[in-house]
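Listed here are the chains, written in short residue letters.
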Amino acid sequence: MSGRYAGRTAVILGGTHGMGEATAALLRAEGASALVTGRRAGDVHVDLTRLADLDALAEAVRERFGQIDLLHVNAGYAQLEPPEAVTESSYDRTFDVNTKGAFFAVQKLAPLVRDGGAIVFTSSVADQGGSPEMIVYGAAKAAARSMVAGFAAALAPRGIRVNAVSPGFIDTPSYGIEGISDEDRAAFHAVGDAVTPMRRHGTAEEVARAVVFLAFEATFTTGARLAVDGGLGEALDVPAAA
Ligand SMILES: NC(=O)c1ccc[n+]([C@@H]2O[C@H](COP(=O)([O-])OP(=O)(O)OC[C@H]3O[C@@H](n4cnc5c(N)ncnc54)[C@H](OP(=O)(O)O)[C@@H]3O)[C@@H](O)[C@H]2O)c1
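The residue numbering used here restarts from 1 in each chain and proceeds along that chain's sequence as written. Reporting in this predicted model follows two pLDDT cut-offs: at least 70 for local features of residues, and 80 or more for side-chain atom pairs to be given and counted; totals over whole chains, interfaces and linings ignore these cut-offs and use all residues. Based on all heavy atoms of the structure, the side-chain values leave hydrogens and waters out of the count.

Visitor: Explanation requested: the site of the ligand in the structure shown.
Guide: Note on definitions. A residue lies near a molecule or strand when any single heavy atom of the residue is within 4 Å of it. Inspection of the region around the ligand gives 31 residues, with Thr-16, Arg-39, Asn-74, Tyr-137 and Thr-172 positioned closest. Any pair of N or O atoms that falls within 3.5 Å is considered a polar contact. Within protein, one atom must be able to donate a hydrogen and the other to accept it, and sequence-neighbouring residues count only if both atoms are side-chain atoms. A distance of 2.7 Å separates an oxygen atom of the ligand from a polar backbone atom of Asn-74. Thr-172 places a polar side-chain atom, nitrogen or oxygen, 2.5 Å from an oxygen atom of the ligand. All accessible-area figures derive from a Shrake-Rupley calculation using a 1.4 Å probe, and residue coverage is judged against the displayed protein chains alone. Within the complex, 95% of the 890 Å² of free accessible area of the ligand lies under protein. Helix and strand labels come from DSSP, where a helix needs a run of H or I of at least four residues and a strand needs a run of E of at least two; each type is numbered from the N terminus. Of all the secondary-structure elements, those providing two or more residues to the shell around the ligand are α1 (18–29), α3 (88–109) and α4 (135–155). The residue makeup of the shell around the ligand, split by class, is 11 nonpolar, 15 polar and 5 charged. Just so you know the grouping, Ala, Val, Leu, Ile, Met, Phe, Trp, Tyr, Cys and Pro go in nonpolar, Asp, Glu, Lys and Arg go in charged, and all remaining residues, Gly too, go in polar.

What follows is the structure in C-alpha cells.
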C-alpha cells in the first residue's frame, strides 16, 4: 500500500461514525491500517465504561498489529442537562466514559504504542469556559484534558507524544450528544453557526486532519490542546458582517 502513512497502524476508540470514522478514513486513504471500535459496530466492540472490554481490545490489538503508531481516544458521552436535571447515574456515566474510560484506555493500550508513537485524545471546547447544560460534560473533559498533560509527562521518556484536539460545533450524526433529537440537532446547528467566530460549524474531516497532524506531523509537540473550533474558545472580537 502506498501513501503518506503506509505501514503505520492506528487504533481509534470510537471510530464507527462522526470524527473517529473520518479519521480512520483519512488514515486508510493515506495507506495506514486502522482498527476502529464502537459499542455495537466496528472491528472490536468496546464500551469504554467496561474495563474488561479494554483488556479484550488490548489483546486483539496485540494479535493484529503487535505494536501501534497511534492510539486515538475519541469516544465521548454528553447529554444536554441543566444542573437541576443531572442525576447520579447521568453524572457517573459522563465521567465513566469521558474520564475514567479514557484513563484506563491509555493505561491498558500505551504499552502497545511503539516508542516514538503518539496518543491523541478528543476533548471539547467545553473543557474550558462554562455552559449551563454541559457542566458535568465540561468538567469530565477538563479532567481528561489534564490527563493529556500527565500522560505526556509519563510517556515522554519513551518518545510518545500525547496531545488533544478540542472541537467546537462539528456536524456529526450526534453532534456529540447521546440520543440527540432532530429538534436539538437543528438548534445546535443554528446556534453553532451563529456563535462561532468563523460563522459556520466544522466538519468531521477538519477534525480528522488535526488528529493526523498531531499524530504524525507535530513531532515536537506534546501535552498540547489543539482547538478545532472556528475560534469559539478564543475571545475574538469579530466585527459584524458588512
Ligand atoms: N460533535 C461535536 O460537535 C463535538 C464537539 C466537541 C467534542 N466532541 C467530542 O468528539 C468526540 C467524537 O464526537 P462525535 O460527534 O464524532 O460523536 P459520534 O458521532 O457520536 O461518535 C462517537 C464514537 O464513539 C463511540 N462511542 C460512544 N460511546 C461510547 C462508549 N461508551 N464506549 C465506546 N465507544 C463509544 C461511538 O460508537 P458506537 O455508537 O458504536 O458506540 C462512535 O464511534 C467525542 O469525544 C465528543 O465528546 C464532539
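Structure's up, so let's keep going.
Visitor: Looking at this model, I keep getting lost on the sheet that holds strand β1 (residues 9–13). Mind explaining?
Guide: Within a sheet, neighbouring strands are paired by backbone hydrogen bonds and run either parallel or antiparallel to one another. Only when DSSP finds a minimum of two bridges between them are two strands counted as paired. Reading across from one edge, β3-β2-β1-β4-β5-β6-β9 is the order of the 7 strands in this open sheet, with parallel pairing throughout. Whereas interior strands pair on both sides, the edge strands pair on one side only; in this sheet they are β3 (44–45) and β9 (225–228). Pairs of residues are marked as contacts when any of their non-hydrogen atoms sit within 4.5 Å. For helices, the fitted axis covers only the stretch in contact; all axes are lines through C-alpha atoms, and the angles between them, taken along N-to-C directions, range from 0 to 180 degrees. Where α1 meets the sheet, it contacts β1, β2 (33–38), β4 (68–73), β5 (113–122) and β6 (161–167), and its direction lies at approximately 170° from that of β1. Packing of helix α6 (residues 204–217) onto the sheet brings it into contact with β4, β5, β6 and β9, and relative to β6 it is tilted by some 165°.

Visitor: Could you clarify how one ought to interpret the packing of aromatic side chains in this entry?
Guide: Aromatic ring pairs are described here by two measures, namely the spacing of the ring centres and the angle between the planes. In this scheme Phe, Tyr and Trp rings, the latter by its six-membered ring, pair at centre separations within 6.5 Å, and the angle between planes marks the pair as stacked below 30 degrees, edge-to-face above 60, and tilted otherwise. Here the structure, examined in full by the defined rule, presents 6 aromatic pairs. Of the aromatic side chains, those joined through ring pairs into one cluster are Phe-103, Phe-104 and Phe-151. Positioned above the aromatic ring of Tyr-77, the side-chain terminus of Arg-93 is 5.0 Å from the ring centre. Ring-over charges, as used throughout, are those where CZ of Arg or NZ of Lys falls within 6 Å of the ring centre and within 35 degrees of the ring normal.

Visitor: How should I be thinking about the environment of Ile-170 in this particular structure?
Guide: Relative to the assigned elements, Ile-170 resides in strand β7 (residues 170–171). When its relative accessible area of 4% is taken as the criterion, Ile-170 is described as buried. For the pair Ile-170 and Arg-39, spaced 131 residues apart in sequence, the C-alpha to C-alpha distance is 21 Å. Non-local contacts of Ile-170, meaning those with residues more than four positions away in its chain, are made with Met-19, Tyr-175, Gly-202, Thr-203, Ala-204, Val-207 and Val-228. Note on classification: 1.4 Å probe, protein chains only; a residue is buried when its accessible area is under 20% of the maximum for its type, exposed when over 50%, partly exposed between these limits.

Visitor: Could you clarify how one ought to interpret the packing of α1 against α6 in this entry?
Guide: Each pair of packed helices can be summarised by the angle the axes make with each other and by the distance between the axes. The N-to-C vectors of α1 and α6 enclose an angle of 60°; their axes lie 8 Å apart at closest approach. When the axes of α1 and α6 are compared, the pair comes out oblique. As for how α1 packs across α6, the hand of that crossing is right-handed. From α1, Gly-18, Met-19, Ala-22, Thr-23, Leu-26 and Leu-27 reach across to α6, where they touch Ala-204, Glu-205, Val-207, Ala-208, Arg-209, Val-211, Val-212 and Phe-216. Looking at side-chain class alone, the contact of α1 with α6 contains 10 nonpolar, 2 polar and 2 charged residues. Roughly parallel here means an angle under 35 degrees, roughly antiparallel means over 145, roughly perpendicular means 65 to 115, and every remaining angle is called oblique. Note on convention: near helix rotated counterclockwise from far helix by under a right angle means a left-handed crossing. Clockwise means right-handed.

Visitor: What's the story with the packing of α3 against α4 in this structure? I'm lost.
Guide: At a minimum axis distance of 8 Å, the contact between α3 and α4 shows a crossing angle of 15°. Classified by the angle their axes make, α3 and α4 are roughly parallel. Both α3 and α4 take part in a crossing whose hand is right-handed. Every residue of α4 that contacts α3 at Tyr-91, Thr-94, Phe-95, Asn-98, Thr-99, Phe-103, Val-106 and Gln-107 is listed here: Val-136, Tyr-137, Ala-139, Ala-140, Lys-141, Ala-143, Ala-144, Met-147 and Phe-151. In terms of residue class, the contact of α3 with α4 is built from 12 nonpolar, 4 polar and 1 charged.

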